[in-house]
Amino acid sequence: MPNKIHQNLLIAFQNADLETIEALLIELNNSEQEKQILLEFADSPDRDVQSFIYSKLYDYDGNDVIQAAVKGLQNEDEVVRISAIEIIGKQQVFEQLPALINSLTDSDELVRCYAAENIAFLGTDLKDQLVMQAKAEQDEVARTGLYYALYSLGASESHVVVIRTIHHLVDIMNAANKDAILPALHDLSQRELPVSIKEVLNEYLD
């Protein structure tokens, strides 16, 4: 690593100067060295720096990145915890499923939502546990992630789960999310579906 860039990065990280860090990483123009410098400062005491680093680490693979992600699951910043969950999901690290399952009871509803969705990405048979968690979950955002996970994991073979998911999406639909939910329901209605599911969709889409 060029010493001057490295020295300037040290100073920029110490000053939590994200704009300068970004520019210096571009100037560095070396993905492996960038990964190493990000890992070196992953324990920065500055929360903005931590969030920046974990969002960048999403672009990298390797056991060293996974270890940082596992550690990030315990971070006090929910943005870091979400990034850590996404890293584990992206790299398909099945052995970290227990850690993701623990995140289903995180104090932050968005973290719980991302944990559920990334469990679905791993494609593991955890339907029963997710069903129980969905029943217990009180927050709408987190519950939506759980329903998504159930659907993706194949619980959609159950007509009841699909119908409940549709009802739930309509229940939480508002002006802010309507443009995301309605197209998804329209797309679903175009598939070959059992009559029971079609009837529920038609009820909301007619």
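Residues numbered from 1 in each chain as written. Predicted model: local features only at pLDDT ≥ 70, side-chain atom pairs only at ≥ 80, totals over all residues. Heavy atoms only, no water.

Participant: So what's going on with the overall build of the chain? Residues and values would help.
Facilitator: Scanning the chain for helices and strands turns up 13 helices and zero strands. Along the chain, helices (α) and strands (β) appear in the sequence α-α-α-α-α-α-α-α-α-α-α-α-α when read from the amino end. Within the chain, the proportion of its 206 residues that are buried is 43%. Within the chain, contacts between residues separated by at least 24 positions form 57% of all contacts whose residues are at least 6 apart in sequence. If you sum the accessible surface of the chain, you get close to 11200 Å²; carbon and sulfur atoms cover 48% of it. (Helix = DSSP H or I, 4+ residues; strand = E, 2+ residues; numbered from the N terminus. Buried < 20%, exposed > 50% of the residue type's maximum accessible area, 1.4 Å probe, protein only. Contact = heavy atoms within 4.5 Å. Areas by Shrake-Rupley, 256 points an atom, 1.4 Å probe, with all protein chains shown as cover.)

Participant: I'd like to hear about the nonpolar core, residue by residue, with values.
Facilitator: One finds Leu9, Phe13, Leu25, Leu38 and Ile53 to be the most contacted residues of the largest nonpolar core, which totals 44 residues. Not counting the four nearest positions on each side in its chain, Leu38 is found in contact with Leu25, Phe52, Ile53, Lys56, Leu57 and Tyr60. (Core = buried A, V, L, I, M, F, W, Y, C linked by side-chain atoms within 4.5 Å.)

Participant: Tell me about helix H2 (residues 18-28), and name the residues and values.
Facilitator: For H2, the set of buried residues is Ile21, Leu24, Leu25 and Leu28. Each buried residue of H2 lies within a common arc of 100° when the element is viewed along its axis, so the set occupies one face. Counted as exposed and oriented over 90 degrees from the buried face of H2: Glu19, Ile26 and Glu27. Considering only its buried residues, H2 is in contact with helix H1 (3-14), helix H3 (31-40) and helix H4 (47-57). (Arc of directions from axis to C-beta.)

Participant: Any chance you could break down the packing of aromatic side chains for me, citing the residues and the numbers?
Facilitator: What the rule picks out here adds up to one aromatic pair. Seen in terms of ring centroids, Phe13 and Phe41 are 4.2 Å apart; in terms of plane orientation they differ by 10°. Their pairing is stacked. With Phe13 in helix H1 and Phe41 in the loop between H3 and H4, this pair connects stretches of sequence that are 28 residues apart. The exposure class assigned to Phe41 is buried, which follows from its relative accessible area of 14%. (Phe/Tyr/Trp six-rings, centres within 6.5 Å; stacked < 30°, edge-to-face > 60°.)

Participant: Break down the environment of Tyr60 for me, with residues and values.
Facilitator: Relative to the helices and strands, Tyr60 resides in the loop between H4 and helix H5 (63-72). Note: C-alpha distance between Tyr60 and Glu32 (28 residues apart in sequence) is 8.8 Å. The contacts of Tyr60, once residues within four sequence positions are left out, are Ser31, Glu34, Lys35, Leu38, Val65, Lys90 and Gln91.

Participant: So, the side chain of Glu137: which residues are in play, and what are the values?
Facilitator: Within the secondary structure, Glu137 is located in the loop between helix H9 (127-136) and helix H10 (140-152). Of the polar contacts made by the side chain of Glu137, one reaches the side chain of Arg112; its length is 2.8 Å. Once you skip the residues sitting within four places of it in the chain, Glu137 turns out to touch Leu104, Arg112, Ala142, Arg143 and Leu146. (Polar contact = N/O pair within 3.5 Å; in protein donor to acceptor, adjacent residues only side chain to side chain.)

Participant: Describe the environment of Arg143, listing the residues and the values that go with them.
Facilitator: By the secondary structure assignment, Arg143 is in helix H10. A sequence separation of 13 residues divides Arg143 from Leu130, and the C-alpha atoms of the two residues are 10.0 Å apart.

Participant: Can you explain the side chain of Glu34? Please cite residues and give values.
Facilitator: Summarising the element assignment, Glu34 is placed in helix H3. In this structure, Glu34 is buried with no salt-bridge partner, the nearest side chain bearing the opposite charge being Lys56 at 4.8 Å. In this structure Glu34 touches Leu25, Leu28, Lys56 and Tyr60, once residues within four positions along its chain are discounted. (Lys, Arg positive; Asp, Glu negative; His and termini not counted. Salt bridge = Lys/Arg side-chain N within 4 Å of Asp/Glu carboxyl O.)

Participant: Would you mind going over the environment of Ala69 in detail, with residue names and values included?
Facilitator: By the secondary structure assignment, Ala69 is in helix H5. Overall, Ala69 belongs to the buried group, its relative accessible area being 0%. Spatially, the C-alpha atom of Ala69 lies 8.6 Å from that of Leu57, the residues being 12 residues apart in sequence. Setting aside its immediate chain neighbours within four residues, Ala69 contacts Tyr54, Ala84, Ile87 and Ile88.

Participant: Explain the confidence of the model for the chain to me, using residue names and the numbers behind them.
Facilitator: Residues at a pLDDT of 70 or more form 86% of the chain, whose mean pLDDT is 82. Taking the mean pLDDT of every element in the chain, the minimum, 70, falls on helix H11 (residues 159-172) and the maximum, 95, on H5. (pLDDT = per-residue confidence, 0-100.)

Participant: Run through the pattern of salt bridges, naming residues and quoting values.
Facilitator: Within the structure shown, the criterion is met by eight salt bridges. One salt bridge in this structure joins Asp43 and Lys71, with 3.1 Å as the shortest N-O distance. Linking Asp43 in the loop between H3 and H4 with Lys71 in helix H5, this pair joins segments that are 28 residues apart in sequence. As a salt-bridge pair, Asp61 and Lys90 come within 3.7 Å of each other at their nearest N and O atoms.

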